[in-house]
Structure formats: C-alpha cells, structure tokens
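A structural walkthrough
Each chain, written out:
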Amino acid sequence: MTKTLIDIDDAALAAAAKELGTKTKVETVNRALAEIAGRRARLAFVEHMRVAEDDLADTEIMRNAWR
C-alpha cells in the first residue's frame, strides 16, 4: 500500500463514510476507490442478467433449451 499526502474535501469524505458505513478516513477512501474500480464489472454483470432475463421470457428460446 502506498502512503500519499492529499487534500480531501471533508464534507465529501464524511458523506462517503456515512454512505459506506466506514469509520476511518483510510477505510473510507480505500472502500470508495474499490467501489469505483468494480463499477464496470458490476454494470457488465447487470447487463448480462438483463439479457438472460429476456431470453428466459422468450418462449421460442425456452422451447429449444436443453433440459
């Protein structure tokens, strides 16, 4: 882990800590970074599930599905 000195908006940090349920500045910043870093993968998963749901509703696809 890298130690870095940065200026952080105190109000934004407090709002993020409240939203994330974190107790320390380090925990809040690291959790917020992890949330942002994982956003693309979560969005891709949601899109995959949406397509799968559409397939499940398609009677022709389901008729030809392997059982």
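The structure contained in this document is the topic of the report that follows. In this text the structure is predicted, and so the values were computed from the model without any measurement.

1. Remarks on helix α1 (residues 10–20)
You can read the cap of α1 off the contacts: a side-chain oxygen lies 2.9 Å from the backbone nitrogen of A11, and it is on D9. Among the residues trailing α1, G21 stands out with phi positive, at a value near 75 degrees.

2. A few points about the pattern of salt bridges
Counting across every chain of the model gives two salt bridges. R31 is paired through a salt bridge with E27; the nearest N and O atoms lie 3.7 Å apart. In this pair, R31 and E27 are both assigned in helix α2 (residues 25–37), four residues apart and thus about one turn of the helix distant. Residue classification places R31 among the partly exposed residues on the basis of a relative accessible area of 34%. One salt bridge connects E35 with R42, and the closest N-O pair in it is separated by 3.8 Å.

The rules behind each value
- Residues numbered from 1 in each chain as written.
- Predicted model: local features only at pLDDT ≥ 70, side-chain atom pairs only at ≥ 80, totals over all residues.
- Heavy atoms only, no water.
- Polar contact = N/O pair within 3.5 Å; in protein donor to acceptor, adjacent residues only side chain to side chain.
- Helix = DSSP H or I, 4+ residues; strand = E, 2+ residues; numbered from the N terminus.
- Salt bridge = Lys/Arg side-chain N within 4 Å of Asp/Glu carboxyl O.
- Buried < 20%, exposed > 50% of the residue type's maximum accessible area, 1.4 Å probe, protein only.

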